[in-house]
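# Working through the structure, step by step
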Amino acid sequence: MEGSMGENVKPVNRFKVWASQLRDSDRGAYAAVFQDMSAQLVRYAKTITRDEASACDVIQDVFLKLWEIRERIKPESSLHALLYTMTRNAAINMNRKRAPMVYQQADGEDVFDQALAGKSTASDAVLEANRLAARLHAWIDELPERRREAFVLSRHHDLSHKEISNIMGLSERTVNTHIFLALKHLRSRLDALQNDNITL
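Below: a short report on this structure.

### Quick look at the overall build of the chain
- Each helix and strand in the chain was counted, giving 9 helices and 0 strands.
- Put simply, the chain runs from its N terminus to its C terminus through helices and strands in the order α-α-α-α-α-α-α-α-α.
- Evaluated residue by residue, the chain yields a buried proportion of 37% over its 200 residues.
- By sequence separation, contacts in the chain at least 24 residues apart represent 64% of the contacts at least 6 residues apart.
- Of the accessible surface of the chain, which amounts to about 11800 Å², a share of 49% is contributed by carbon and sulfur atoms.

### Considering helix α9 (residues 172-195)
- A rise of 1.5 Å per residue sets the reference length of α9, with its 24 residues, at 34 Å; its end C-alpha atoms lie 34 Å apart and thus fit the reference within 8%.
- When we look at burial in α9, the residues that qualify are Val175, His178, Ile179, Ala182, Leu186 and Leu193.

### What to know about the nonpolar core
- Counting residues in hydrophobic clusters, the biggest one holds 38 residues, and the most contacted among them are Val33, Phe63, Leu66, Leu79 and Leu83.
- Sorting the residues of this core by element identifies α1 (11-23), α2 (27-49), α3 (52-68), α4 (79-97), α7 (145-155), α8 (161-168) and α9 as the ones contributing at least two each.
- The greatest single-element share of this core, amounting to 10 residues, is contributed by α2.

### Comments concerning the packing of aromatic side chains
- Across all of its chains, the model carries 5 aromatic pairs by this definition.
- Following the ring pairs from residue to residue traces out a cluster consisting of Tyr30, Phe34, Phe63 and Trp67.
- The lysine or arginine in question, arginine 70, covers the ring of tryptophan 67, its NZ or CZ lying 4.1 Å from the ring centre.

### Topic: the pattern of salt bridges
- Using the criterion set out here, one finds 5 salt bridges in the structure.
- Aspartate 36 is the partner of arginine 14 in a salt bridge, and the nearest nitrogen-oxygen pair spans 3.4 Å. Within this pair, whereas arginine 14 is found in helix α1, its partner aspartate 36 is found in helix α2, the two being separated by 22 residues in sequence.
- Classification of arginine 14 as buried rests on a relative accessible area of 14%.
- Of the charged contacts in the structure, one is a salt bridge between arginine 189 and glutamate 142, with a shortest N-O distance of 2.9 Å. Taken together, the residues arginine 189 in helix α9 and glutamate 142 in the loop between α6 (124-141) and α7 connect sequence positions 47 residues apart.

### A few points about the packing of α2 against α3
- Orientation of α2 relative to α3, taken along the N-to-C sense of each, is 145 degrees, at an axis distance of 8 Å. When the axes of α2 and α3 are compared, the crossing they make is right-handed. The segment α2 lies against α3, with Arg27, Tyr30, Val33, Phe34, Met37, Ser38, Leu41, Val42, Ala45, Lys46 and Thr49 engaging Glu52, Ser54, Ala55, Cys56, Val58, Ile59, Phe63, Leu64, Leu66 and Trp67.
- The class makeup of the residues in the contact of α2 with α3 is 15 nonpolar, 3 polar and 3 charged.

Definitions and cut-offs
Residues numbered from 1 in each chain as written. Predicted model: local features only at pLDDT ≥ 70, side-chain atom pairs only at ≥ 80, totals over all residues. Heavy atoms only, no water. Helix = DSSP H or I, 4+ residues; strand = E, 2+ residues; numbered from the N terminus. Buried < 20%, exposed > 50% of the residue type's maximum accessible area, 1.4 Å probe, protein only. Contact = heavy atoms within 4.5 Å. Areas by Shrake-Rupley, 256 points an atom, 1.4 Å probe, with all protein chains shown as cover. Expected span 1.5 Å × (residues − 1). Core = buried A, V, L, I, M, F, W, Y, C linked by side-chain atoms within 4.5 Å. Phe/Tyr/Trp six-rings, centres within 6.5 Å; stacked < 30°, edge-to-face > 60°. Lys NZ or Arg CZ within 6 Å of the ring centre and 35° of its normal. Salt bridge = Lys/Arg side-chain N within 4 Å of Asp/Glu carboxyl O. Axes fitted to C-alpha atoms, helices over the stretch in contact; angles between N-to-C directions. Left-handed = near helix turned anticlockwise from the far one by under 90°. Nonpolar A, V, L, I, M, F, W, Y, C, P; charged D, E, K, R; others polar.

This is the structure:
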């Protein structure tokens, strides 16, 4: 992160500083939080809305709301977790209000389809990696909604099980179970793929 805080400040401390600054209506801190968090929050929102444009709308609403409630932010609480909680709630509300979800291809599936059609010029190794990535995305999509969400928060957003439990309103034990079962599902899919000797 740029600025007087330096690059070696730990994330937890960085968010605590930003929380205190936000309470004081510091627009520089607000901009810093947006720059640091917006892209990953869009990715998270997309796992719920299944649509990137809607996910971007969600994050715009989240940051508008963050500024509106800035004076109520508690620096001792996790601003990081608060943003994920706000994103989750906003994305779920959007899904309730709009028409049935339009499924968009997960990242990597376009490359997978092109490779099958013989349109890609990437190396064999890259093609293999992209094909496996596309399958992994599809296998993750097979998970029950709450299990998929817990897994994505853990593996794609590096949140702790405690943070996930707070965001999703679940016990840590339930979060552990969701992630364990998600990994078990993915391992079984991969084992089946290897045992059947299917070309990726």
